Amino acid sequence: MYSIGTDIEDINRFYNKDEKFLNRIFTQRELDYCLNKKNPSCHLCARFCAKEAVIKALGEKIPYNKIEILKKENNSPYVNILIDKYKNNSFSISLSHEKDKAIACVIMEKNKE
């Protein structure tokens, strides 16, 4: 069974966020990646969009910091779910950002357990 999710957000929502907010939404590995970029806000926003898209594809709310959006060695993004119940699902993901918007699209295949 397949399902999809998509989300688009304003990047300015992620300017100057405090550490408490960031830790509630992102994992340390995501923060390490994003905060080392020239413009962290667009990378944070794209990951937030991806988390929203994953939640929409799953059809149920899970904590944002239990969804990790990371990069493979070839620089393509991937989803790492930190809740065992969802580990059997596989995800294809696309992220993009430009001047003031970020977007993500996720296709999830629910694998048999």
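Anything mentioned here points back to the structure above.
Notes on the structure follow. Here, residues in each chain are numbered from 1, in the same order as that chain's written sequence. Where totals are concerned, whole chains, interfaces and linings use all residues; where local detail is concerned, this predicted model gives features only for residues with pLDDT of at least 70, and gives and counts side-chain atom pairs only at 80 or more. With hydrogens and water stripped out, all remaining heavy atoms of the structure feed into the side-chain values.

Some thoughts on the packing of helix α2 (residues 28–35) against helix α3 (residues 40–58)
Defined as follows: Lines fitted to the C-alpha atoms define the axes, with helices restricted to the stretch that makes contact. Angles between their N-to-C directions range from 0 to 180 degrees. Strands here mean DSSP runs of E at least two residues long; helices mean DSSP runs of H or I at least four residues long; both are numbered from the N terminus. Whether two residues touch is decided by their heavy atoms; if any such pair falls within 4.5 Å, the residues are in contact. Put simply, Ala, Val, Leu, Ile, Met, Phe, Trp, Tyr, Cys and Pro go in the nonpolar bin, Asp, Glu, Lys and Arg in the charged bin, and everything else, Gly too, in the polar bin.
It is the contact of α2 with α3, at a shortest axis distance of 8 Å, that shows an interaxial angle of 145°. Here Glu30, Leu31, Tyr33, Cys34 and Leu35 of α2 lie close against α3, whose contacting residues are Pro40, His43, Leu44, Arg47 and Lys51. Of the residues in the contact of α2 with α3, the class split is six nonpolar, one polar and three charged.

A look at a nonpolar patch on the surface
The cut-off we apply is this: Candidate patch residues must exceed 30% relative accessible area and have no salt bridge, after which like charges are joined if within 9 Å and Val, Leu, Ile, Met, Phe, Trp or Tyr side chains if within 5 Å. Using a 1.4 Å probe, the Shrake-Rupley method yields the accessible areas, and only the shown protein chains count as cover for residues. We define a salt bridge as a contact between a side-chain nitrogen of Lys or Arg and a carboxyl oxygen of Asp or Glu at a distance within 4 Å. Only protein chains enter the calculation, and the probe is 1.4 Å; a residue is then buried if its accessible area is under 20% of its type maximum, exposed if over 50%, and partly exposed in between.
A contiguous nonpolar surface patch, about 350 Å² in accessible area, is contributed by Tyr2, Ile4 and Ile107. Along the chain, the position of Tyr2 falls in strand β1 (residues 2–10). Accessibility expressed as a relative area gives 59% for Tyr2, which makes it exposed.

Side note on the pairing of strand β2 (residues 67–71)
If a strand is regular, its side chains alternate between the two faces of the sheet. What counts, and what does not: In this scheme, strands are said to pair when DSSP sees at least two bridges between them.
Along β2, four of the five residues are buried, which leaves the element largely enclosed by surrounding structure. Sheet topology places β2 next to strand β3 (residues 77–81); five bridges connect them, and they run antiparallel. Bridged to Ile67 within β3 is Ile81. With antiparallel pairing between neighbouring strands as the criterion, β2 and β3 make up a hairpin whose turn holds five residues, including Asn75 at a positive phi of roughly 80°.

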